[in-house]
Structures are given as C-alpha cells and as structure tokens.
Amino acid sequence: MVTFKPLDPECPIDQQLGVDAGPVVLVNLFTVDVKDQDALVAAWKDDALWMKKQPGYISTQLHKAVGDSAMYLNYAIWDSVADFRAAFTNPEFQNALSHYPSSAVTAPHLFEKIAVANCCTA
C-alpha cells in the first residue's frame with residue numbers, strides 16, 4: 001500500500017479536495033525502493049487506465065527522474081477539483097492503492113494555472 005505524504009503540509013491534498021476550482025493539475029511525486037520501480041509503474045498504469053474513464057479527466061503523463069533516482073512525477077489534468085475528488089475518493093480507486101509496493105511514498109497536490117504577464121496565460 002502506498003504511503004501518503006503531503007507535498008505542502010500547510011495545505012494537504014485532503015484539504016484541497018474541499019476547494020471549488022478548475023481546471024486543475026494534479027502533481028504527484030512518487031518515491032520507491034529501486035527494486036520496486038517496475039511494480040510502481042505497473043500499479044500507476046492500472047490507476048491511470050481507470051482514471052481515464054472518469055468524468056472530468058483530461059490527460060496524464062508519468063515521468064522518471066534522470067539518472068539512478070527512483071523518483072517519479074505524475075501530472076494529470078482535470079476539469080475541476082470536484083471531478084478529481086469524485087475519482088480519487090471512489091472506493092474502487094481507494095482499494096486499488098493496495099497494489100502499490102509497500103516502499104512507495106506519494107505526495108499529491110493540486111494546482112491551477114495563473115497568468116504571468118508576457119510569459120503565460122491563465
């Protein structure tokens with residue numbers, strides 16, 4: 001089973017799930033023992049395939065840290081916090097978390113795009 005660790009202890013994911021916002025980007029950092037990397041990717045793939053079928057899901061991408069690091073970064077785009085919350089708290093998804101290797105630690109956090117003049121749009 002994966003262990004949850006807040007990316008921002010001042011505003012953990014369970015607190016963010018109560019916010020009305022959208023669209024949002026889930027950023028999720030995973031760490032895992034080197035020997036468990038294949039199991040992590042397999043569990044993540046199963047979750048990603050399930051999430052793709054959920055209302056409000058837009059896209060996702062998994063990245064592996066460069067070099068010998070056993071850190072992974074996932075980002076997923078959702079129409080709204082409400083859509084992500086419905087998927088994330090779904091009992092079927094919560095039960096699937098037991099498929100992750102016991103060494104896996106995840107730090108999920110939700111973000112919104114912001115406008116920065118002459119750089120990016122909201």
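Residues numbered from 1 in each chain as written. Predicted model: local features only at pLDDT ≥ 70, side-chain atom pairs only at ≥ 80, totals over all residues. Heavy atoms only, no water.

Novice: Teacher, can you tell me more about the packing of aromatic side chains here?
Specialist: The geometry of an aromatic ring pair is captured by the separation of the ring centres together with the interplanar angle, meaning the angle of the planes. Enumeration according to the criterion identifies 7 aromatic pairs in this entry. Chaining the aromatic ring pairs together yields one cluster made of Phe4, Trp50, Tyr57, Trp78, Phe84, Phe88 and Phe93. (Phe/Tyr/Trp six-rings, centres within 6.5 Å; stacked < 30°, edge-to-face > 60°.)

Novice: Help me understand the side chain of aspartate 47, please; the structure alone is not making it clear to me.
Specialist: Its place among the elements puts aspartate 47 in helix α2 (residues 37-51). One buried charged residue, aspartate 47, remains without a salt bridge, the closest side chain of opposite sign being lysine 53 at 11 Å. Ignoring sequence-local partners within four residues, the contact set of aspartate 47 consists of Phe93, Ala96, Leu97 and Tyr100. (Helix = DSSP H or I, 4+ residues; strand = E, 2+ residues; numbered from the N terminus. Buried < 20%, exposed > 50% of the residue type's maximum accessible area, 1.4 Å probe, protein only. Lys, Arg positive; Asp, Glu negative; His and termini not counted. Salt bridge = Lys/Arg side-chain N within 4 Å of Asp/Glu carboxyl O. Contact = heavy atoms within 4.5 Å.)

Novice: Would you mind going over the sheet that holds strand β1 (residues 3-4) with me for this structure?
Specialist: In any sheet, the strands associate via hydrogen bonds between backbone groups, in a parallel or an antiparallel arrangement. Reading across from one edge, β1-β5-β2-β4-β3 is the order of the 5 strands in this open sheet, with mixed pairing throughout. Unpaired on one side and paired on the other, β1 and β3 (57-64) mark the two borders of the sheet. Judged from the 7 bridges that link them, β3 and strand β4 (residues 71-78) form a sheet pairing that is antiparallel. Directly across from leucine 62, in β4, lies its bridge partner asparagine 74. Its contacts with the sheet put helix α3 (residues 81-88) on β1, β2 (24-31), β4 and β5 (105-111), and the angle it makes with β4 is roughly 125°. (Pairing = 2+ DSSP bridges. Axes fitted to C-alpha atoms, helices over the stretch in contact; angles between N-to-C directions.)

Novice: Sorry, what's going on with the pattern of salt bridges here?
Specialist: Any two side chains of opposite charge can pair, on the condition that their charged atoms come close. Applying the stated rule across the entire model yields 2 salt bridges. Between aspartate 33 and lysine 35 there is a salt bridge, with its nearest N and O atoms 3.9 Å apart. Given the relative accessible area of 38%, aspartate 33 is considered partly exposed. Between lysine 35 and aspartate 36 there is a salt bridge; the shortest N-O distance is 3.3 Å. Judged by its relative accessible area of 13%, aspartate 36 is buried.

Novice: Help me understand the nonpolar core in this model?
Specialist: One recurring pattern in soluble globular proteins is that nonpolar side chains are buried together. Ranked by internal contacts, the top residues of the largest apolar core, which has 29 residues, are Leu40, Met51, Trp78, Phe84, Tyr100 and Leu110. When contributions to this core are tallied by element, the ones reaching two or more residues are β2, α2, β3, β4 and α3. Broken down by element, the residue count for this core peaks at 6 residues, all from α2. If sequence neighbours within four positions are ignored, tryptophan 78 has contacts with Pro23, Val24, Met51, Gln54, Pro55, Gly56, Tyr57, Ile58, Asp83, Phe84 and Ala87. (Core = buried A, V, L, I, M, F, W, Y, C linked by side-chain atoms within 4.5 Å.)

Novice: Quick question: what am I supposed to make of α2 here?
Specialist: Since there are 3.6 residues in each turn of an α-helix, residues three or four apart along the chain are aligned in direction. Compared with the 21 Å implied by 1.5 Å per residue over 15 residues, the 21 Å span of α2 between its first and last C-alpha is a close match. Elements in contact with the buried residues of α2: β2, β3, β4, α3 and α4 (91-96). (Expected span 1.5 Å × (residues − 1).)

Novice: Would you mind going over the pairing of β4 with me for this structure?
Specialist: Within a regular strand, the side chains alternate between the two sheet faces. Where burial is concerned, the two faces of β4 differ: the one with Tyr72, Asn74, Ala76 and Trp78 is buried and the one with Met71, Leu73, Tyr75 and Ile77 is not. Direction of pairing for β2 relative to β4: antiparallel, over a ladder of 8 bridges. Opposite leucine 26, over in β4, you have alanine 76 as the bridge partner. Linking β3 to β4, which pair antiparallel, is a turn of 6 residues; within it glycine 67 sits at a positive phi near 85°.

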